[in-house]
Amino acid sequence: MFSILPPRPTSSPPAGKKHDPIKEKIEANRTKRLAIARAMKAEAGVTGHEVLPDDDFSGLAVLGTNTIHAAQGRNMRQLYTLAHECGHIFLHQSPAARRLATHVMEMEAESYAHQAFREHGMEPPKEASEWGRQYVAHWIARDHAAGIPIDARAVDYALGRRSPFEPLRRVPATWRLHRPIYAPEPEPEKPRASRLSWWLFAETMRVIEVGFVAFYAGLISVFLLLQVFGIGIAFPPAPEIEPGSTDWYALIWTSAAVSAALSIMGYTMTRGRRW
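Here the structure is a predicted model, which means the values were calculated and not measured.

Parameters at a glance
- Residues numbered from 1 in each chain as written.
- Predicted model: local features only at pLDDT ≥ 70, side-chain atom pairs only at ≥ 80, totals over all residues.
- Heavy atoms only, no water.
- Helix = DSSP H or I, 4+ residues; strand = E, 2+ residues; numbered from the N terminus.
- Buried < 20%, exposed > 50% of the residue type's maximum accessible area, 1.4 Å probe, protein only.
- Contact = heavy atoms within 4.5 Å.
- Areas by Shrake-Rupley, 256 points an atom, 1.4 Å probe, with all protein chains shown as cover.
- Expected span 1.5 Å × (residues − 1).
- 1 Å grid on protein atoms, 1.4 Å probe; cavity = no way out; pocket = protein on both sides within 12 Å on 5 of 7 lines; lining within 4 Å.
- Points joined across faces, edges and corners; volume = space filled by probe spheres on them.

With that out of the way, let us pick up the overall build of the protein chain. Assigned secondary structure in the protein chain consists of eight helices and three strands. Starting at the N terminus and ending at the C terminus, the protein chain contains elements arranged as α-β-β-β-α-α-α-α-α-α-α. Out of the 275 residues in the protein chain, the part that is buried amounts to 32%. Sequence-distant contacts in the protein chain: of pairs separated by 6 or more residues, those separated by 24 or more amount to 59%. Accessible area for the protein chain stands at about 17900 Å²; split by element, carbon and sulfur atoms hold 62% of it.

Along its 18 residues, helix α4 (residues 102–119) runs 25 Å from first to last C-alpha, staying within 8% of the 26 Å computed at 1.5 Å per residue. The element α4 is largely enclosed, with a buried count of 16 among its 18 residues. The first or second residue beyond α4 is G121, which carries a positive phi of 75 degrees.

What follows concerns the layout of surface pockets. Unoccupied space between atoms shows up once a probe the size of one water molecule is rolled over them. In this model, the largest pocket occupies a volume close to 280 Å³. Taken together, 18 residues form the lining of the largest pocket, with G59, H84, E85, E106 and Y135 sitting closest to its centre. Secondary structure elements with two or more residues in the lining of the largest pocket: β2 (60–62), α2 (76–91), α4 and α5 (126–145). Among the elements that take part in the lining of the largest pocket, α2 stands out by supplying six residues, more than any other.

Just geometry here; none of it tells us what the structure is for.
Right under this line is the structure:
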């Protein structure tokens, strides 16, 4: 019995890209992380990124310029650093936020990085998380040595007693898993012209207040003198009001109540507010 077999190839197969599923998966994950890095920068308002070398895991946020210095985010450690710097840009741009102690700012940036990772479907690397607690502890020691009051929340964070997933003061509008705590924004300072106008208004109200009080004090004094001398008061066409009568005392107490009400109103409208 004979069988017909295909001829053996006389040459090697054509050269081409070898199929390596492990390398392809690594490259796919790297591409995904770079896309997440771009999304993190966009949601935090980062407009400038000075890219550091891949072996440089340091980072820097330049407040007031929306610029960060960090590696691209090709691996998890790089991405975590990038998220931390994005937290500084998002949370610490306002004048009020810049007055926070450094250890508080670093604690908030660490929390932001953790929450940003979860918002994008990832868990932060454990090593980076532990390093972050040590970094906050480092700044607590420096601020304490400088005589700066220490926030108890930062101490709890550095000791592992506070979760990085505690609500922040504010978060990007695109986030869905984490919501901010209620923290009203500081009242913006009024322009100088507006402050001057309010001062003039307040002083005018004070003059009016004093005038009303003086007027009604004088009126009550007149009523009392009329009562002493037994002189009645007439408001034509109304009948004369006799001293000591019910209408007489009603008029006195009404005048006193109006005077007190106007005094309280003037105090509320002027001294009750800042300018």
